[in-house]
Amino acid sequence: PVMVGYPGRDQLNKYALSNGEMTVLYINHHSGHDSPTSGGIYVMTGPGEFEISWYDTSTGKTVKTEREQTESCALIFPSPEITTDMAAKIRRIE
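Everything in this summary refers to the structure shown in the same document.

Rules of the game
In every chain, residue numbers begin from 1 and rise along the written sequence. pLDDT decides what is reported in this predicted model: residues at 70 or higher carry local features, side-chain atom pairs at 80 or more are listed and counted, and totals for whole chains, interfaces and linings draw on all residues regardless. Excluded from the side-chain calculations are hydrogens and water; all other atoms, namely the structure's heavy atoms, are used. A side-chain nitrogen of Lys or Arg and a carboxyl oxygen of Asp or Glu constitute a salt bridge if their distance falls within 4 Å. Numbering of helices and strands runs from the N terminus; a helix is a DSSP stretch of H or I covering at least four residues, while a strand is a stretch of E covering at least two. Exposed residues in this analysis have more than 50% of their type's maximum accessible area, buried residues have under 20%, and partly exposed residues fall in between, with area computed by a 1.4 Å probe over protein chains only. A pair of strands is considered paired only if DSSP assigns at least 2 bridges between the two. Under the pairing criterion, centres of Phe, Tyr and Trp rings, with the six-membered ring standing for Trp, must be within 6.5 Å; the plane angle then separates stacked pairs below 30 degrees from edge-to-face pairs above 60, leaving the rest tilted. Axis geometry follows a simple rule: fit a line to the C-alpha atoms, using only the stretch in contact for helices, then measure angles between N-to-C directions, giving values from 0 to 180 degrees.

### What about the pattern of salt bridges?
So, step 1. Under the defined criterion, the tally for this structure stands at four salt bridges.
So, step 2. Among the ionic pairs, E51 bridges to R91, the shortest N-O distance being 3.4 Å. You can see E51 sitting in strand β5 (residues 48–56) and its partner R91 sitting in strand β8 (residues 85–92), a full 40 residues away along the chain.
So, step 3. A relative accessible area of 33% means that R91 is categorised as partly exposed.
So, step 4. Linking E66 and K64 is a salt bridge whose minimum nitrogen-to-oxygen distance equals 4.0 Å.
So, step 5. Taking the relative accessible area as the measure of exposure, E66 reaches 15% and is therefore buried.
So, step 6. K64 sits in the partly exposed class, given a relative accessible area of 28%.

Dropping the structure here:
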């Protein structure tokens, strides 16, 4: 398990697993499915550059792919709008 947070969004369950090179993230919006939420999320990855691919769990299709980097222990990045469930694959590039 990896520490993950989505500040100010108590209506979300957040789970992450990592082997140091790849992190998988699952977010479940457990209330208010009529009102999507989005915002900044953090995952404890350690320093580096990462490719983040977001997936719609109901279709399996990629929603968005982006690159982010951090020099600290926490990678902070924006999420797409989440109505029910969303998953992300975070792959270390460097």
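Additional details are given in the paragraphs that follow.
### A short note on the sheet that holds strand β7 (residues 74–78)
So, step 1. On the basis of which strands lie adjacent, the open sheet formed by three strands has the order β1-β4-β7 and antiparallel pairing. Strands at the two margins of the open sheet, each flanked by one partner only, are β1 (4–5) and β7.

### Observations concerning the packing of aromatic side chains
So, step 1. This model, assessed by the stated rule, comprises two aromatic pairs.
So, step 2. Geometrically, the ring pair formed by Y15 and Y26 is stacked, given 6.3 Å between the ring centres and 25° between the ring planes. Here Y15, found in strand β2 (residues 12–18), pairs with Y26, found in strand β3 (residues 22–29); they are 11 residues apart in sequence, far enough to count as distant.
So, step 3. Relative to F77, the ring of W54 has its centre 6.1 Å away and its plane inclined at 55°; by these criteria the two rings are tilted. In this pair, W54 is assigned in strand β5 and F77 in strand β7, connecting sequence segments 23 residues apart.
So, step 4. Given the relative accessible area of 2%, F77 is considered buried.

### Observations concerning the sheet that holds β8
So, step 1. Ordered in space as β2-β3-β8-β5-β6, the five strands form an open sheet in which the pairing is antiparallel. Two strands in the sheet have a free side with no partner beyond their single neighbour: β2 and β6 (62–70). Pairs of neighbouring strands in the sheet enclose a mean axial angle of 20°, with direction left out of account.
So, step 2. Here β2 pairs with β3 via seven bridges, running antiparallel. Looking at β3, one finds that L17 is bridged to V24.

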